[in-house]
Structure formats: structure tokens, C-alpha cells
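# A closer look at the structure
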Amino acid sequence: MSGAGSGERTLELLIGPQHPASGHMRLVAEVDGDVVVRLRPDIGYVHRTVEKIAETKTYLQTIPLIERPPLADTANHNLGYVMAVERLLGVEAPPRAQWLRTLLAEMNRIHSHLYGLGIHGIMLGSSTAFMWAFGDREIMIEMAKRLTGARITYSYMIPGGVRRDLPPGFAEEMEKALRYLERRLPDYDRIFFSNPVTRARLEGVGVLTREDAIRLGVVGPNLRASGVAYDVRRARPYAAYPELDFQVVTRSEGDSMARMLVRVGEIRESIRMIRQILARMPDGPILAERYAKMIPPKWRDYVRETGRIKFPAILASLRPPKGAEAVSRVEAARGEAVFYLVSDGGPRPYRMRMVTPSLRNVVLFSHLTRGCRVADIPAIYGSLDYFPPEADR
């Protein structure tokens, strides 16, 4: 507690930064007793300068940079960036690659939502919810490792396609994983979602009205929990989403409980989509013909036998036309992510801009905490699934 606030009755309360690994962010609250008069998020503690560094890297080298800020949702951001690069180049990934991209994106959505639910659980004091969610997210992490060769930061999507095809037996292993998660969700409901303590902490707390959600430009589950059925996968379909049957999960309450339950509903929808993808995925190449024909002949048998791409040299020095601009939008796990690229004709982006869902949603800290109790701050924070590195970039 530090000094006095703006009024005689208020005090300034400093919360954070206190993450043991890197620091996250600080909340500066002005309180009257235990009532929050106003709260300001002090962000920027984990700024990675991704946009500026991208100007010094090739288009291919920028892919790993893009994946660092979102951590649990690397695939969706990887996809958004690569789509923008492809629009600069005028190239399109073949159908099978589009379905493989969508597969990993939905696997990552499950992983990210479980990560967020676990963090929310520990913020409410439920170590069981935290340990369960972090344990169960390992299922999707291991399946992603089978597909991509990496656990978290995959760099799987590349301009014109993907790095690897499905490994043998993947569909059967994935079905076991999905059945396990379906069996687990009722357990979460009994221990956490329907727990009277959880409901008392979340229901009616941090209510975001439909009108305010639209006015503030909120995105993702936080928007849909206030009754707005906006989802980029449905509004501006990309990859394989036009071919998939899925529901946009919404709720009308707009409170912290609704935001949590929308994410639970989206886990179920992602399970449905993954099954559809594996059942209906088309055959064919995983890299655009423009680049596939540039693979040296000595590597073509390797590619055919292993399903792994050996990069043609052109991918290391892509040069989109001078003055070309491109914008892409994807529905990442935490909401809409936007990427903007400008080319000066060289091998590196002249300008790269990424607008992340956490950056769009940071306004909710001030908006939802006004008039709440100090003890409600972590309940609201956890319900937003806000990830500071993703906002700071």
C-alpha cells in the first residue's frame, strides 16, 4: 500500500508485478476501504519488441518471433502471420495443408483454454483446478509434438504450406486423447465449474454488457460471453473452417462465470472440429507447387517417405513485390489477432504490425473493476484469460 489516492478517503494499492519467471504487469488501484474506485493496468514489463525485430529478420525467421508472446496459442498466431506473408506473395497453401493448419489451430485452442482455466483456478484458490488443467493440457501438447516435432513453439506453418504431414497412427491416438478429455470435463464441472464457492466468486461479478463489449472493441470469448456471436472463423472464414460444422459459443450473462463457461464450450467445439478434420482431410501435397518443385531432387525421396519438408532455398529469402501490403485476421484462442505487413521488395518486412487479443482486451481491467471489491480483482482477471506477454509483444 503506497501513499494516498486522489481523495481523502482513498488509498493507492499497488498489485504486482510478481511473476517468478519474468514479471508480468502491475495493477495500480485506488481503493476506498476494500472497494475499488478505479484501477489502471500498468503494462509493458515483458515487452519483446517483436514488431521492430521483425524488420531485421527474413520473413521465415520472423515466424518464431511471432510465436513467443502468446505462449499457449502459438499455432493461431503463426497461422495469422503466414497468411499475411502468403497474401504479399500471391501464393496459397494446398487443401491438405489448410486442413493440417486448422487441425493444429484447434489443438492449440484446447491447450490454451485449459491453460487459462488452470490459471483462473489458482487465482480463485483452487489448486485442484490448476493442477488438473495443467496436467490435461499435456495431452494436446504431446499430440502437437507428434505432429510438429515440438511441444509449444512449432513454427509449423510456413509460406505455402506446412512442415510435416500426419505421422502414422496419429488419428487413432488423437481419438483416444479426445475421449479422455470428454470424460474429464464432467469432473471439472463437479469440482470447479459448479462448485458453490466458484459460483459465489464469479456469478454477477465483473459484468460486461453487450453494448459495452461492442463499444470497447473487446474480442474473443470475452466478447461472446456478453452475447455477441462474432468469431473470425465464421465471419471471415479461412483455412479449412468454411468446410467445418461448428457452433459459435455464446452466453448472455456477461459476467466472470459466463466468460469461463464460453471457453469450456469452445473446448467441446474444438473436439468436434478435430474429429471432422481427421475424418475428412483431403489427400495431396502439403506445400504449394511453386515451392515444392524447387526442392532439390536428392531430397524428394526423403520428403515423399517421411512427409517432412526440406526447405527449398527460395523460402529463406522470399522477396514480395515492392510496396505490397497485406492484412490477415484469425480467431486465436483469446480472440481476434490481426497482422499487417508491408514489403519494400527486400527479404525482410519493411513493417510488421501484430494486434493481439490481449492488447484489445486490456481495457477491461479498468472497466470491469470499477466498484468491485479488492477480492474480486483476481476473479475478474482470471476470467479475462489475459496474457501480459501477448499484449506487450
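Residues numbered from 1 in each chain as written. Predicted model: local features only at pLDDT ≥ 70, side-chain atom pairs only at ≥ 80, totals over all residues. Heavy atoms only, no water.

## Some thoughts on the pattern of salt bridges
Using the following cut-off: Only one rule defines a salt bridge in this text: a Lys or Arg side-chain nitrogen within 4 Å of an Asp or Glu carboxyl oxygen. Segments assigned H or I by DSSP are reported as helices when at least four residues long, segments assigned E as strands when at least two residues long, and all are numbered from the N terminus. Between buried and exposed lies partly exposed: a residue is buried under 20% and exposed over 50% of the maximum accessible area for its type, with that area taken using a 1.4 Å probe on protein chains only.
Here the structure, examined in full by the defined rule, presents 35 salt bridges. Among the ionic pairs, Glu106 bridges to Arg233, the shortest N-O distance being 3.2 Å. One end of the pair, Glu106, is in helix α4 (residues 95-123); the other, Arg233, is in helix α10 (residues 232-235), with 127 residues separating them in the sequence. Accessibility expressed as a relative area gives 0% for Glu106, which makes it buried. A residue is classified by how much of its surface remains accessible, and Arg233, at 3% relative accessible area, is buried. Of the charged contacts, one joins Arg199 and Glu203 as a salt bridge, the two residues approaching to 2.8 Å between their closest N and O atoms. Because the salt bridges share partners, they merge into one network encompassing Glu106, Arg109, Arg224, Asp231, Arg233, Glu266 and Glu331.

## Some thoughts on the packing of aromatic side chains
The following threshold applies: Aromatic rings from Phe, Tyr and Trp, taking only the six-membered ring of Trp, are treated as a pair when their centres fall within 6.5 Å; an angle between ring planes under 30 degrees marks them as stacked, one over 60 as edge-to-face, and anything in between as tilted.
What the rule picks out here adds up to eleven aromatic pairs. Relative to Phe193, the ring of Tyr188 has its centre 6.1 Å away and its plane inclined at 20°; by these criteria the two rings are stacked. The same class applies to Tyr188 as to Phe193, namely buried. Members of the aromatic cluster, each reached through a chain of ring pairs, are Tyr115, Phe130, Phe134 and Phe387.

## Some details on helix α11 (residues 256-280)
Convention followed: A helix is expected to reach a length of 1.5 Å times the quantity of its residues less one.
Between its first and last C-alpha, α11 extends 37 Å over 25 residues, near the 36 Å set by a 1.5 Å rise per residue. Counting buried positions over the 25 residues of α11 gives 18, a clear majority of the element.

## Some words on the pairing of strand β3 (residues 35-42)
The condition that has to hold: Strands were regarded as paired on the criterion that DSSP finds at least two bridges between them.
Of the pairings in the sheet, the one linking strand β2 (residues 26-32) to β3 comprises seven bridges and is antiparallel in character. Residue pairing for β3: Arg26 is matched across the bridge by Asp42. Where β2 folds back onto β3 in an antiparallel hairpin, the turn is made up of two residues, including Gly33, whose phi is positive at roughly 70°.

## What to know about the environment of Ala337
The criterion, for reference: By definition in these notes, contact holds between two residues if any of their heavy atoms fall within 4.5 Å.
As for its placement among the helices and strands, Ala337 is situated in strand β7 (residues 335-342). Residue Ala337 is classed as buried on the basis of its relative accessible area of 1%. For the pair Ala337 and Arg360, spaced 23 residues apart in the sequence, the C-alpha separation amounts to 9.1 Å. Discounting chain neighbours no more than four positions away, the residues touching Ala337 are His77, Ser328, Arg329, Val330, Ala332, Val355 and Pro357.

## Here we look at the sheet that holds strand β8 (residues 351-355)
Counted only if it meets this: For helices, the axis comes from a line fit to the C-alpha atoms of the stretch in contact; other axes are also lines fit to C-alpha atoms, and the angle between any two N-to-C directions lies between 0 and 180 degrees.
Judged by pairing direction, the sheet is antiparallel, and its three strands sit side by side in the order β6-β7-β8 without closing on themselves. Looking along the sheet, the strands with just one partner apiece sit at the ends: β6 (325-332) and β8. Sheet twist, expressed as the mean angle between neighbouring strand axes with direction ignored, is 10°. As paired strands, β6 and β7 are joined by eight bridges and run antiparallel to one another. Following the sheet pairing, Arg329 is matched in β7 by Val338.

## A closer look at the environment of Val205
Summarising the element assignment, Val205 is placed in the loop between α7 (196-202) and α8 (210-215). We classify Val205 as buried; its relative accessible area is 11%. The spatial distance from the C-alpha of Val205 to the C-alpha of Arg334 is 20 Å, given a sequence separation of 129 residues. When neighbours within four sequence positions are excluded, Val205 is seen to be in contact with Asp255, Ser256, Arg259, Asp376 and Ile380.

## Considering unusual backbone geometry
Even without being glycine, Leu71 reaches a positive phi, approximately 60°. Relative to the helices and strands, Leu71 resides in the loop between α2 (62-67) and α3 (74-89). For Asp385, which is not glycine, the phi dihedral falls at a positive 50°. Since its relative accessible area comes to 7%, Asp385 is described here as buried.

## So, the nonpolar core
Put simply, the rule is: Residue types Ala, Val, Leu, Ile, Met, Phe, Trp, Tyr and Cys, when buried and joined through side-chain atoms within 4.5 Å, form a set referred to as a nonpolar core.
Residues Tyr81, Leu103, Leu104, Met107 and Met174 are the most contacted members of the largest nonpolar core, which totals 82 residues. In terms of residue count, α4 provides more of this core than any other element does, ten residues in total. Once residues lying within four places of it in the same chain are set aside, the contact partners of Leu104 are Ala75, Ala144, Leu147, Thr148, Tyr154, Tyr156 and Met157. Of all hydrophobic cores here, the second largest spans 24 residues; its members include Ala29, Val362, Leu368 and Ile377.

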